[in-house]
Amino acid sequence: MTEHLTTNEGQPWSDNQHSQTAGQRGPVLIQDYQLLEKLAHFNRERIPERVVHAKGAGAKGYFKVTRDMSAYTKAAVFSGVGKQTPLITRFSQVAGEAGYPDTYRDVRGFAVKFYTEAGNYDIVGNNTPVFFVNDPLKFPDFIHSQKRDPRTHARSQDMQWDFWSLSPESVHQVTILMSDRGIPASYRMMHGYGSHTFKWVNAAGEQFWVKYHFKTNQGVHNLSNELAAKLAGQDTDYLQNDLLNAIEQKDNPSWTVAVQIVPYEEGLNYKYDIFDVTKVISQKDYPLIEIGQMVLDENPTNNFEDIEELAFSPANLVPGIEASPDKLLQGRLFGYKDAERYRLGANYEQLPVNRPQVAVHNYARDGAMAQNQASGVNYEPNSSDGPTEVPTAQVHGDQLTGKTGHYAVNDDYYAAAGRLYRLLSAAEQTRLIDNIVMNLGQVTKPAIQIREVRQFYQADPEYGQRVASGLGLALEQIKI
Ligand code: HEM
């Protein structure tokens, strides 16, 4: 049966094609409430886009446990073989705005919200295991260098390479970004990583360090520069459409979820700093343990409500999973929820897609657009039988030493990039060099090029020499 048109207040709406006018040719009347409301609502349709990762696509699905992990974490989401937890994902570009072409070279976001019985648990990662910087103080500057030049309002190779060339901790991630993996052929065909080291705690209170890996079951596929450029013109939303169409055709994508588990003390004494997100933990030292499958089988029914209003945060943790001292992670624990209060409003956690699938009981009340509020007591302590604390949900402390201060991480950032370069096949190495030469070659200041190539040279002399020769730089210019 056809539904009748109503206003937002539910009143029957008689005519949605012709404004009310004073006579056939007369001016429009202010009593035409439907017209005024329609124009006013239209003016308010846009909300701020995400300050990063503005362009993206998502889908719903579930996580199924294939290996019980209760020996390492009391988080129910990872215990009990066969157990399923509903989830929603969002994949994204980092630097471009909401309408940006999907096939530009960029890191891709890989965010998962598990609706667990202990509340929402988010893994907000990327398709790379490492990141460009490891101190949250550098994040806004890094992102400024990726976004538009304040004067020309254009993206600028000078800006991004200037920042990277002065931030040697970025060279590992820059090598990944310039490799084939910088342009995935599909969100379905890329791996995902939690990137940081997190803490798991079991029911006995034993602590472990953990890294997450989502291995695509579709195989990794990437686009050539030529095809990516063509698609950017032909189908701006190429990756978004690919995900939507696959699920529409019931070709549901899935990922094998695995973890690396590091005993607590061993992690503190590992050969690299496991809380430095520019580094990986060797899979030879700590092999991947498969724990489950993530399957996406449902498209959003309304993109704005399901995806634009979706709010992830690395601070969304559940008992048995805790943050680590990773400095960048610590900054992120603040950044996301603050961004979402600004982007979506103070009560963004009450929006349907963000609402946990368990009851919420606390003393928070009111604020713009508050919904589903309890009518009971709104302060604590109280003598009104209000909700009480859960001592078992307490986090497990780490022993700290040292003095407060601003500490530089004095570390070798080059070796990991060198190892990655040497792992690539000859053809992959050639494409990596070509991509760097193509992008770094557009930089207008030779000093930036020289600084960056010195990083590649320190990673591996051959790597540096090949980029230098592609750019027409002499060996003496890049040797330190
Ligand atoms: C200090 C470092 C970082 C800060 C301050 C930061 C901040 C932010 C902010 C403010 C947003 C937008 C949130 C929203 O409006 O809903 C965002 C989105 C995102 N960030 Fe970060 N970020 C940082 C590092 C990282 C790292 C290291 C990763 C991956 C390992 C990452 C992955 C993501 C993803 C995937 C999204 C998009 C989430 C979505 O689809 O809604 N970020 N970030």
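Residues numbered from 1 in each chain as written. Predicted model: local features only at pLDDT ≥ 70, side-chain atom pairs only at ≥ 80, totals over all residues. Heavy atoms only, no water.

If you check an unreviewed UniProt entry, the chain appears there as Catalase from Latilactobacillus fuchuensis. Checking UniProt for the chain, the heading Sequence similarities (unreviewed entry) contains the comment "Belongs to the catalase family." According to its UniProt record, the chain has this under Catalytic activity (unreviewed entry): "2 H2O2 = O2 + 2 H2O". (UniProt positions renumbered as here; feature names shortened; annotations may be inferred.)

A. Representation of the nonpolar core in the model. Core analysis: the largest hydrophobic core is formed by 39 residues, its most contacted members being Trp-161 and Val-467. Of all elements in the fold, only helix H2 (139–146), helix H3 (157–165), helix H4 (171–178), helix H10 (414–423), helix H11 (426–440), helix H12 (446–459) and helix H13 (461–471) reach the threshold of two or more residues within this core. A total of 6 residues in this core trace back to one element, the largest contributor, which is H12. Counting contributing residues, this core receives three or more from each of domain 1 (56–129 + 182–350) and domain 2 (414–478). In contact with Trp-161, other than residues within four places in its own chain, are Val-174, Met-178, Ile-436, Asn-439, Leu-440, Val-443, Ile-448, Glu-452 and Phe-456. Counting residues in hydrophobic clusters, the runner-up holds 38 residues, among them Phe-63, Phe-110, Ile-123 and Ile-289. (Core = buried A, V, L, I, M, F, W, Y, C linked by side-chain atoms within 4.5 Å. Buried < 20%, exposed > 50% of the residue type's maximum accessible area, 1.4 Å probe, protein only. Helix = DSSP H or I, 4+ residues; strand = E, 2+ residues; numbered from the N terminus. Domains from an automatic or database assignment. Contact = heavy atoms within 4.5 Å.)

B. The confidence of the model for the chain, seen in detail. On average, residues of the chain score 97 in pLDDT, and 100% of them reach the 70 mark or higher. Ranking the elements of the chain by mean pLDDT puts helix H14 (residues 475–478) last with 87 and strand E3 (residues 108–116) first with 99. (pLDDT = per-residue confidence, 0-100.)

C. Looking closely at the environment of Phe-304. Position of Phe-304 relative to the elements: it lies in helix H8 (residues 303–308). In contact with Phe-304, other than residues within four places in its own chain, are Glu-45, Ile-47 and Glu-309.

D. Examining the coordination of the iron atom of the ligand more closely. Its sole protein donor being Tyr-336 (OH), the iron atom of the ligand sits 1.8 Å from that atom. Considering the arrangement of structural elements, one finds Tyr-336 in helix H9 (residues 327–344). (Donors = N, O, S within 2.8 Å, 3.2 Å for Na, K, Ca; no water.)

E. Focus on the site of the ligand. Close to the ligand lie 22 residues; Arg-50, Arg-90, Tyr-336, Glu-340 and Arg-343 are nearest. Note that an oxygen atom of the ligand is positioned 2.7 Å from one of the side-chain N or O atoms of Glu-340. Within the residue set of the shell around the ligand, elements represented by two or more residues are E3, strand E4 (119–126) and H9. Top contributing element to the shell around the ligand by residue count: H9, with 6 residues. In the shell around the ligand, the residues fall into 11 nonpolar, 6 polar and 5 charged. (Near = heavy atom within 4 Å. Polar contact = N/O pair within 3.5 Å; in protein donor to acceptor, adjacent residues only side chain to side chain. Nonpolar A, V, L, I, M, F, W, Y, C, P; charged D, E, K, R; others polar.)

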